Amino acid sequence: MSEQVSLNAENREIEGKSSSRLLRRSGSVPAVIYGGSKEPLRISILEKEISKASSVPGFTTQILSISVAGKEENVIIKEIQRHPATERVLHADLMRVNPDTKISISVPIRFINEESCVGVKMHGGVVSHLINDIDISCLASNLPAFLEVDVEEMDIGDSVFLSALKLPEGVEIPILALGEDRDQAVVSVTEAKVIEIEPEIVESEDEEGEEGEEGEGSED
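Residues numbered from 1 in each chain as written. Predicted model: local features only at pLDDT ≥ 70, side-chain atom pairs only at ≥ 80, totals over all residues. Heavy atoms only, no water.

## Re the pattern of salt bridges
Worth spelling out the cut-off: Counted as salt bridges are all cases of a side-chain nitrogen of Lys or Arg within 4 Å of a carboxyl oxygen of Asp or Glu. Helix and strand definitions follow DSSP, with helices as H or I runs of at least four residues and strands as E runs of at least two, each counted in order from the N terminus. Burial classes: relative accessible area under 20% of the type maximum marks a residue as buried, over 50% as exposed, and values in between as partly exposed (1.4 Å probe, protein chains only).
Taken as a whole and judged by the stated rule, the model has four salt bridges. In this structure, Glu73 engages Lys38 in a salt bridge whose closest nitrogen and oxygen atoms are separated by 3.7 Å. In this pair, Glu73 is assigned in strand 5 (residues 71-82) and Lys38 in the loop between strand 2 (28-34) and strand 3 (41-46), connecting sequence segments 35 residues apart. According to the relative accessible area criterion, Glu73 is buried, its value standing at 9%. A salt bridge links Lys102 to Glu172, with the nearest nitrogen and oxygen atoms 3.8 Å apart. In this pair, Lys102 is assigned in strand 7 (residues 102-112) and Glu172 in the loop between strand 11 (159-161) and strand 12 (185-191), connecting sequence segments 70 residues apart. Lys102 gets classed as exposed once you look at its relative accessible area, which sits at 53%. Where salt bridges share partners, they join Lys38, Glu73 and Arg96 into one cluster.

## Quick notes on the sheet that holds strand 8 (residues 125-129)
As a general point, the strands of a sheet are linked pairwise by backbone hydrogen bonds and lie either parallel or antiparallel. Put simply, the rule reads: Strands qualify as paired when DSSP identifies two bridges or more between them. Axis lines are fitted through C-alpha atoms, for helices just across the contact stretch, and the angle between N-to-C directions can take any value from 0 to 180 degrees.
Strand order in the open sheet made by the three strands is 8-12-11, with antiparallel pairing throughout. The strands lining the two open edges of the sheet, one partner per strand, are strand 8 and strand 11. Between one strand axis and the next, the sheet turns through 15° on average, direction left out of account. Across five bridges, strand 8 lies against strand 12 in antiparallel orientation. Looking across to strand 12, one finds that Val127 is bridged to Val189.

## Things to note about the layout of surface pockets
Basically, it comes down to this: For each structure, a 1 Å grid was placed over the protein atoms alone; sets of points admitting a 1.4 Å probe that cannot get out are labelled cavities, open sets with protein on both sides within 12 Å along at least five of seven lines are labelled pockets, and lining residues have an atom within 4 Å of a point. Grid points are joined across faces, edges and corners, and a volume is the space filled by probe spheres set on the points. All residues other than Ala, Val, Leu, Ile, Met, Phe, Trp, Tyr, Cys, Pro, Asp, Glu, Lys and Arg, Gly among them, are scored as polar; the first ten of these are nonpolar and the last four charged.
Of the volumes computed, that of the largest pocket is approximately 170 Å³. Among the elements that make up the lining of the largest pocket, the one with the highest residue count is strand 10 (residues 147-150) (three residues). Along the lines of polarity and charge, the residues of the lining of the largest pocket split into five nonpolar, no polar and three charged.

## Focus on the nonpolar core
Condition: Residues enter a nonpolar core if they are buried and are Ala, Val, Leu, Ile, Met, Phe, Trp, Tyr or Cys, with the set joined through side-chain atoms within 4.5 Å. Contacts are assigned to residue pairs that have any heavy atoms within 4.5 Å of one another.
Among the nonpolar cores identified, the biggest contains 29 residues, and Ile76, Ile134, Ile136, Leu143, Val149, Leu165 and Val187 are the most heavily contacted of them. It is strand 7 that provides the largest number of residues to this core, a total of five residues. Those residues within four positions of Val187 in sequence are excluded, and the remaining contacts are Phe111, Val127, Ser128, His129, Leu130, Val149, Val151, Met154, Asp158, Ser159 and Val160. With 19 residues, the next largest nonpolar core counts Leu7, Ile33, Ile66 and Val75 among its residues.

## Examining helix 1 (residues 17-25)
Put simply, the test is: Regarding the arc, it is the one traced by the directions from the helix axis to the C-beta atoms.
Restricting attention to buried positions, one finds in helix 1 the residues Ser19, Ser20 and Leu23. All buried residues of helix 1 fall inside an arc of 100° around its axis, so they share one side. The exposed residues of helix 1 that point more than 90 degrees off its buried face are Lys17, Leu22 and Arg25. Packed against the buried residues of helix 1 are strand 2 and strand 3.

## Some points on the environment of Arg42
Here Arg42 lies in strand 3. For Arg42 and Arg12, which are 30 residues apart along the polypeptide, the C-alpha to C-alpha distance reads 5.2 Å.

## Points about the confidence of the model for the protein chain
Note the following rule: Each residue carries a pLDDT score, the predictor's own confidence in it, on a scale running from 0 to 100.
The predicted model of the protein chain averages 86 in pLDDT, with 85% of residues at 70 or higher. Element-level mean pLDDT values for the protein chain span from 51 in helix 4 (residues 205-219) up to 97 in strand 11.

Listed below in structure tokens is the structure:
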């Protein structure tokens with residue numbers, strides 16, 4: 001698990017679109033902390049702080065520590081809204097957790113040893129990522145930053161399914177409980193596609209001349 005990220009925040013008394021716009025202009029990002037037995041808490045976080053934190057690997061899949069008026073809140077990211085063009089953080093939804101809270105969250109899949117994959121190295125195959133994120137369920141204290149899939153021993157025609165993933169202790173994939181038909185391939189190794197390109201036919205000047213002469217004769 002990545003080193004825990006800590007952020008400072010301030011209470012946000014006023015709500016509404018105009019208030020949020022003013023916050024963003026002043027360099028802050030509006031956010032909401034909810035969940036648990038407490039009431040939702042509207043806060044603001046400095047944009048430069050949350051932008052820096054969001055660049056840390058595993059930011060969206062770890063427990064964050066938020067300090068609000070001297071009180072600590074342990075949260076996870078439920079949603080971050082970004083500007084479609086600039087990728088600036090516009091708003092954050094944070095959910096309270098404690099180590100014994102069971103949570104459902106989407107985590108990324110990390111594929112390793114692709115360059116040394118048997119199907120790629122020995123037979124010129126291609127590794128195809130079929131799923132890049134997977135929904136898991138676990139206690140907050142067991143939350144992994146990612147799930148890892150080693151493709152080194154895979155050959156052409158091989159696939160790794162959700163049911164074959166090595167999960168950390170206490171981590172489950174809820175969709176598998178719905179039946180075998182919900183099991184999905186996560187990664188596969190296939191033959192590389194060869195695209196044949198027909199050579200371009202270039203006419204010589206002599207051929208063009210002959211065609212021209214024929215054309216002139218036909219007009220008489």
